[in-house]
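# Structure assessment
In case you want the letters, here they are:
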Amino acid sequence: MKKILIIEDEKSIAELERDYLEINGFQTEIVLTGDQGLQRALTHDFDLILLDVMLPNVDGFEICKKVRSVKDVPIILVTAKKEEIDKIRGLGLGADDYLVKPFSPNELVARVKAHLSRYERLMMRQKPESNEIYIRGLIIDNSSRRVFVNNQEVVFTTKEFDVLTFLASHPNQVFSKDHLFERIWGYDSAGDVSTVTVHIRKIREKIEHDPSNPDYIETVWGAGYRFKDN
């Protein structure tokens, strides 16, 4: 049974989310404060985290950032805010999706099922004949989902790793932002193609000696991005 952590300070909303998820066969755990939610997320294994943005003690953005730095678990942010900048910020920190209150409980369940299914398919797809990609000092280990630059490990969020691995697995091919968004996030996810730009920038900051003059991920103006293997 899939286990979902609900971090939500409004008890009535948390219980509604719990009831609908449990009716649909999920096991849930509710935490009502940010600091306790962060501690549970970091020290216990969950299949998905449903994370409110506005929380006491530690907000959802900070929790998302800290969890994503060490875990690949899917994260769905929940908030009353509708501003696009908040969505972009959340997705840029590694969230997989974004729900704006009020939302349909049935939509919540559908989103949860979709992300769990997509995560499982992704884990199965990322088992190439060789579990490691070596390109000019860059090592991508698919089996452990770890990245090394000049023998130094660099921590990647789930989506950063997925984007990097996809591009590195198709060297010298140009992929548009739309293609990358559809391939990595899926068009039924929250956000838009601008999150691709955010992730490419963060990846460059981690693997490039000079992010403004990249050696690995090159921008093909008007077309998209290309991973150079030579």
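In this report, we go over the structure that sits alongside the text.

### Looking at the overall build of the protein
Broken down by element type, the protein carries eight helices and 12 strands. Since a compact globule built from 230 residues should have a radius of gyration of about 17 Å, the 18 Å found for the protein is in line with a globular shape. Overall, the protein is about 55 × 35 × 30 Å in size when its C-alpha atoms are taken along their principal axes. Relative to its 230 residues, the protein shows a buried fraction of 48%. Here the contacts in the protein between residues at least 6 apart in sequence split such that 58% fall between residues at least 24 apart. Of the roughly 11,200 Å² of accessible surface on the protein, a fraction of 49% belongs to carbon and sulfur atoms.

### Points about the sheet that holds strand β6 (residues 132-135)
In spatial order, the strands read β6-β7-β8-β9; together these four strands make up an open sheet with antiparallel pairing. Of all strands in the sheet, those bounded by a partner on one side alone are β6 and β9 (152-154). Each adjacent strand pair in this sheet contributes to an overall mean axis angle of 20 degrees, direction not counted.

### Comments concerning unusual backbone geometry
The omega torsion of the bond from K101 to P102 falls at -10 degrees, within 30 degrees of zero and hence cis. Mapped onto the secondary structure, P102 falls in the loop between β5 (97-100) and α5 (105-125). Positive phi values are uncommon outside glycine, yet R145 reaches one of about 55 degrees. The residue R145 is located in the loop between β7 (138-141) and β8 (146-149) in this model. With phi around 70 degrees, N151 is a residue other than glycine that occupies positive phi space. Of note, N151 is situated in the loop between β8 and β9.

### A short note on the pattern of salt bridges
This model, assessed by the stated rule, comprises 19 salt bridges. Here R111 and D97 are joined by a salt bridge, their closest N and O atoms 3.1 Å apart. You can see R111 sitting in helix α5 and its partner D97 sitting in strand β5, a full 14 residues away along the chain. Accessibility classification places R111 together with D97 in one group, the buried group. Connected via shared salt-bridge partners are E8, E10, D52 and K101.

### Examining the packing of aromatic side chains
Applying the stated criterion to the full structure yields three aromatic pairs. In this arrangement the basic side chain of K206 is found over the ring face of F156, its NZ or CZ atom lying 5.1 Å from the centre.

### Remarks on the side chain of R68
Positionally, R68 belongs in helix α3 (residues 60-68). A polar contact is formed between the side chain of R68 and the backbone oxygen of K71, at a distance of 2.8 Å. Within polar-contact distance, the side chain of R68 engages the side chain of D96 at 3.1 Å. What R68 contacts, discounting residues up to four positions off in sequence, is V73, P74, I75, L93, G94, D96, F156, T157 and T158.

### Some points on the nonpolar core
L138, F156, L164, L167, I207, I217 and F227 are the most contacted members of the largest nonpolar core, which totals 27 residues. Among residues more than four places away in sequence, those in contact with L167 are F175, L180, I200, I217, Y225 and F227. Within the second largest apolar cluster, 21 residues are counted, among which are L51, I75, L93 and Y98.

### Focus on the environment of F161
Looking at where F161 falls in the secondary structure, it is placed in helix α6 (residues 158-169). F161 sits in the buried class, given a relative accessible area of 1%.

### Points about the packing of helix α2 (residues 34-43) against α3
Where α2 contacts α3, the axes come no closer than 10 Å and their chain directions differ by 15 degrees. Considered as vectors, α2 and α3 are oriented roughly parallel to each other. Helix-helix and strand crossings are classified by hand; for α2 and α3 the assignment is right-handed. Taking contact as the criterion, the partners of G34, L38, A41 and L42 in α2 are, on α3, I63, K66 and V67. Looking at side-chain class alone, the contact of α2 with α3 contains five nonpolar, one polar and one charged residues.

Each value, and the rule that gives it
- Residues numbered from 1 in each chain as written.
- Predicted model: local features only at pLDDT ≥ 70, side-chain atom pairs only at ≥ 80, totals over all residues.
- Heavy atoms only, no water.
- Helix = DSSP H or I, 4+ residues; strand = E, 2+ residues; numbered from the N terminus.
- Rg over C-alpha atoms; globule rule 2.2 N^0.38 Å.
- Buried < 20%, exposed > 50% of the residue type's maximum accessible area, 1.4 Å probe, protein only.
- Contact = heavy atoms within 4.5 Å.
- Areas by Shrake-Rupley, 256 points an atom, 1.4 Å probe, with all protein chains shown as cover.
- Pairing = 2+ DSSP bridges.
- Axes fitted to C-alpha atoms, helices over the stretch in contact; angles between N-to-C directions.
- Salt bridge = Lys/Arg side-chain N within 4 Å of Asp/Glu carboxyl O.
- Phe/Tyr/Trp six-rings, centres within 6.5 Å; stacked < 30°, edge-to-face > 60°.
- Lys NZ or Arg CZ within 6 Å of the ring centre and 35° of its normal.
- Polar contact = N/O pair within 3.5 Å; in protein donor to acceptor, adjacent residues only side chain to side chain.
- Core = buried A, V, L, I, M, F, W, Y, C linked by side-chain atoms within 4.5 Å.
- Parallel < 35°, antiparallel > 145°, perpendicular 65-115°, else oblique.
- Left-handed = near helix turned anticlockwise from the far one by under 90°.
- Nonpolar A, V, L, I, M, F, W, Y, C, P; charged D, E, K, R; others polar.

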